[in-house]
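So you can see what is in the structure, the chains are spelled out below.
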Amino acid sequence: MHIVIIGGNGGIGFAMLQHTLERFPEAQITATFRRRRPQWPHPRVNWQSLDASNEDEVRRLSDTTDSVDWLINCIGLLHSAQQGPEKNINALNAEFFQHNMMVNTLPMLLLAKYFTPLLKRSTAPKFAALSARVGSISDNRLGGWYSYRASKAALNMVVKTLSIEWQRTLKHGTLLVLHPGTTDTALSAPFQANVPPGKLFTPAYVAQQLTDIITNATPEQSGSFLAYDGQTIPW
Ligand SMILES: NC(=O)c1ccc[n+]([C@@H]2O[C@H](COP(=O)([O-])OP(=O)(O)OC[C@H]3O[C@@H](n4cnc5c(N)ncnc54)[C@H](OP(=O)(O)O)[C@@H]3O)[C@@H](O)[C@H]2O)c1
């Protein structure tokens, strides 16, 4: 089994790496990082540098990969050093909006383009993206966070659309969009104050939940938007 974890150095991505290593003792794992190579050597882990918004880099990674059984996209952006999510439309900044689309949406398209042929070689290919409940249009009750919401809604559309294409071209594949719940990582750190007790999850718990979902998902469920507890989230 070959698992590729995009963003294996992120809060949830690293927990997914640790959990899948333990759960699948035969699996080889390719884990990517963007800025700093993690000082975390492991005999079954192949660390690769990847800016997943860069088409040449995604193509190069696919060129050096033979086959993939699971491809899990764990990267994302909610805030940068310069800007946080918008409280209202006055806070909109075109560059920040584009940055959100580049990190939250574009990588899934690039991964789909270059890794679908490799996933085809697997007997039970799974391709999952970490999205967010706030990317749901029908669940949007609070407003705000324009760039993040829009880029995650677009990510959801990418996966849904690809799942329709896969019904023709990769029938045995399973595509999922997953909401991890509020998880204690750098991404959520500035926004944890109002999280109800018991609703701020550890990355280890989320990794276990998401791995269960990916393991049990079948091609009939391809194109679903699922939360960490297995509940379907409306688009
Ligand atoms: N944490 C939560 O509460 C929560 C809630 C809902 C949804 N999510 C979603 O879950 C996913 C994981 O979040 P997290 O909490 O683990 O965030 P995190 O700890 O901030 O990790 C983000 C990851 O994204 C990577 N990344 C950013 N831009 C990249 C690019 N262009 N190319 C490659 N990698 C890039 C980062 O790599 P570098 O550090 O090397 O830049 C890092 O590995 C995200 O999609 C997020 O939207 C999280």
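Residues numbered from 1 in each chain as written. Predicted model: local features only at pLDDT ≥ 70, side-chain atom pairs only at ≥ 80, totals over all residues. Heavy atoms only, no water.

A few points about the nonpolar core
In this structure, M16, L71, F115, F127, L178 and L210 are the most contacted members of the largest nonpolar core, which totals 59 residues. No other element matches the eight residues that helix α3 (residues 94-119) contributes to this core. Setting aside residues no more than four positions away along its own chain, M16 makes contact with I5, I72, C74, A207, L210, T211 and I214. (Core = buried A, V, L, I, M, F, W, Y, C linked by side-chain atoms within 4.5 Å. Buried < 20%, exposed > 50% of the residue type's maximum accessible area, 1.4 Å probe, protein only. Helix = DSSP H or I, 4+ residues; strand = E, 2+ residues; numbered from the N terminus. Contact = heavy atoms within 4.5 Å.)

With respect to helix α5 (residues 203-216)
With 14 residues, α5 extends 20 Å between its outermost C-alpha atoms, agreeing within 8% with the 20 Å of an ideal straight helix rising 1.5 Å per residue. Turning to α5, its buried residues are V206, A207, Q209, L210, T211, I213 and I214. Packing partners of the buried residues in α5 comprise α1 (11-23), β4 (70-73), β5 (126-130), β6 (174-179) and β7 (224-227). (Expected span 1.5 Å × (residues − 1).)

Structural notes on the packing of aromatic side chains
A full pass over the atoms with the stated rule returns nine aromatic pairs. Ring geometry for W145 and Y148: centres 6.0 Å apart, planes at 75 degrees, overall edge-to-face. Each member of the aromatic cluster is reached from another via a ring pair, and the members are W145, Y148 and F191. (Phe/Tyr/Trp six-rings, centres within 6.5 Å; stacked < 30°, edge-to-face > 60°.)

A short note on the site of the ligand
The full set close to the ligand counts 27 residues, and N9, R34, I75, Y148 and T185 are the nearest of them. Between the ligand and Y148 there is a distance of 2.6 Å, counted from an oxygen atom to a side-chain nitrogen or oxygen. For the ligand, an oxygen atom lies 2.8 Å from a polar atom in the side chain of K152. Against a free-state accessible area of 900 Å², the protein chains account for coverage of 91% of the ligand. Among the elements of the structure, α1 and α4 (146-169) are those that each provide at least two residues to the shell around the ligand. Tallied by class, residues from the shell around the ligand come to 11 nonpolar, 12 polar and four charged. (Near = heavy atom within 4 Å. Polar contact = N/O pair within 3.5 Å; in protein donor to acceptor, adjacent residues only side chain to side chain. Areas by Shrake-Rupley, 256 points an atom, 1.4 Å probe, with all protein chains shown as cover. Nonpolar A, V, L, I, M, F, W, Y, C, P; charged D, E, K, R; others polar.)

Side note on α1
With 13 residues, α1 extends 19 Å from end C-alpha to end C-alpha; this agrees with the ideal 18 Å at 1.5 Å per step. Looking only at α1, the buried set comprises I12, G13, A15, M16, L17, H19, T20 and L21. Taken together, the buried residues of α1 touch β1 (2-6), β2 (28-33), β3 (45-49), β4, β5 and α5.

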